[in-house]
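Close look at the chain arrangement
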There are 2 protein chains.
Amino acid sequence: MDNITDVTIGPCESSRFIKPKRIYYKQNGVDKIWDAMKVHDGVAIIIFNSTRENFVFVRQFRPAIYIATAAIEERDGVQMIDTKKYPGHLGLTLELCAGIVDKEKSPSTIAKEEILEECGYDVPLENIIKITSARGGVGTTGSIVHLFYAEVTDAMKTGPGGGLASEGELIDVVEMSIEEGRTMMFDESCNRAHLLIFAVLWFFDSIWKDKPKHASAL
Amino acid sequence: MDNITDVTIGPCESSRFIKPKRIYYKQNGVDKIWDAMKVHDGVAIIIFNSTRENFVFVRQFRPAIYIATAAIEERDGVQMIDTKKYPGHLGLTLELCAGIVDKEKSPSTIAKEEILEECGYDVPLENIIKITSARGGVGTTGSIVHLFYAEVTDAMKTGPGGGLASEGELIDVVEMSIEEGRTMMFDESCNRAHLLIFAVLWFFDSIWKDKPKHASAL
């Protein structure tokens, strides 16, 4: 997973994934210009396994996180990152199971598919509860992420998860105890996004405090 | 604020603000490529006015939010958005007071400056409490936002806020009651980012429940 080597950075004049648009507009009659990108909306799911009373997250190596942390050097005219100084684990990111909305399917259906692909649980649609939708960003991208809560059991586990190898996905399923989740919310050494910490706090506030606990958790 | 007209979209081959990099690397020996951007880290502050017992947020028109909602049409060879069909209020976004870390100053010092510039409160540094730092995104950008809590009083109000007109900023200060804040967290008709709803939920969980209330709030 975090065995990352041979990192170089090249120019990127035209990207299939990052397509800036220049927006010209008047606000109260004053000319303004802003560069922004139109990107796909997404879904994300906070998953609780009620059999084992733990969270189910995923972990991936994220180049965007890695280059935000590592210093880019120039050697022999090539921009690169020294993976001895900046090992690959710096780019590992704890995430909610998530996917993009790019098909003619409802967000909850896409959530169900992502839970199976990434985490290996075949969960009935009625177990997938909407929490809210909010914006991933406001400056450069303003797409919506639809956030769901899904309760799963060991009996729903039908596969290993891990994402689609055909799409080059390499995803670890991470089980985390309730108490580890509580600590992680405020643990800055763990790369995690705003939406994940919101979802975990929401879980404690809306689900966990009223939930009958297993004897072992009391 | 939301009087938006004459919206056109042009090409954006080279942006001062959006600079994609192409990252080449090997993961477990397998060649991979990813496009991402290196962007500034940021600070954001959830502000509570204890004199009036309300939140202090800001509101701005955000082109990235607007184009995520409005349809782009082509008329006479020009890409544009019809502001009759898609009025400017669709781009209004409720936000935490925030700024970018681009100077040789500590995040809490930058937070203090942003509270004064955007909201008009001159708050002592010791009132600015760190909550946590987390990632704004994981796919395209992976920068960190340092999140703070600041308690202010009416006596600290020394100016109108509203941002720096010299930098073209047009920012409304929004006071919101505690109960409005509670509803807003889950109100999808309000454009707001993941970090804002995390911060509000954190406030209820960590500050509000233990705070002595004014008689009027009981």
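Quick look at the structure, then. All figures in this text were calculated on a predicted structure; none of them were measured in a lab.

This brings us to the interface of chain A and chain B. With 75 residues of chain A at the contact, the number on the chain B side is 75 residues. For the chain A and chain B pair, buried surface summed over both sides reaches about 6800 Å², with 60% attributable to carbon and sulfur atoms. The largest share of the area that chain A buries against chain B comes from R135, V138 and H194 of chain A, three residues that together contribute 11% of it. Note that K130 of chain A and E188 of chain B form a salt bridge whose closest N and O atoms lie 3.0 Å from each other. Counting the contacts that link chain A with chain B gives 36 residue pairs in polar contact (both at pLDDT 80 or more). Mapped by element, the contributors of at least two residues to the side of chain A that touches chain B are β1 (4-10), β2 (20-27), β3 (30-37), α1 (63-69), β8 (92-95), β10 (128-135) and α4 (194-206) of chain A. In terms of residue class, the side of chain A that touches chain B is built from 36 nonpolar, 24 polar and 15 charged.

Below, the discussion takes up the sheet that holds β3 of chain A. Taken together, the five strands give an open sheet; going across it, the order is β3(A)-β2(A)-β1(B)-β7(B)-β6(B), and neighbouring strands pair in antiparallel fashion. Of all strands in the sheet, those bounded by a partner on one side alone are β3 of chain A together with β6 (73-75) of chain B. Neighbour-to-neighbour, the strand axes of this sheet turn through a mean angle of 35°, independent of strand direction. As paired elements, strand β1 (residues 4-10) of chain B and strand β7 (residues 78-81) of chain B share three bridges and run antiparallel to each other. Looking at the pairing, T8 of chain B lines up with M80 of chain B of β7 of chain B.

To continue, consider unusual backbone geometry. Residue and element names in this part refer to chain A. Phi at D6 takes a positive value of approximately 55°, unusual for a residue other than glycine. Inspection of the secondary structure assignment puts D6 in strand β1. Of note in this structure, D76 is not a glycine but carries a positive phi near 50°. With respect to the helices and strands, the residue D76 is situated in the loop between β6 (73-75) and β7 (78-81). Of the residues examined, D76 reaches a relative accessible area of 81% and is grouped as exposed.

About the thresholds
- Residues numbered from 1 in each chain as written.
- Chains lettered and ligands numbered in written order.
- Predicted model: local features only at pLDDT ≥ 70, side-chain atom pairs only at ≥ 80, totals over all residues.
- Heavy atoms only, no water.
- Contact = heavy atoms within 4.5 Å.
- Buried area = accessible area lost by both parts, 1.4 Å probe.
- Salt bridge = Lys/Arg side-chain N within 4 Å of Asp/Glu carboxyl O.
- Polar contact = N/O pair within 3.5 Å; in protein donor to acceptor, adjacent residues only side chain to side chain.
- Helix = DSSP H or I, 4+ residues; strand = E, 2+ residues; numbered from the N terminus.
- Nonpolar A, V, L, I, M, F, W, Y, C, P; charged D, E, K, R; others polar.
- Pairing = 2+ DSSP bridges.
- Axes fitted to C-alpha atoms, helices over the stretch in contact; angles between N-to-C directions.
- Buried < 20%, exposed > 50% of the residue type's maximum accessible area, 1.4 Å probe, protein only.

In short, shape yes, function no, at least from these values alone.
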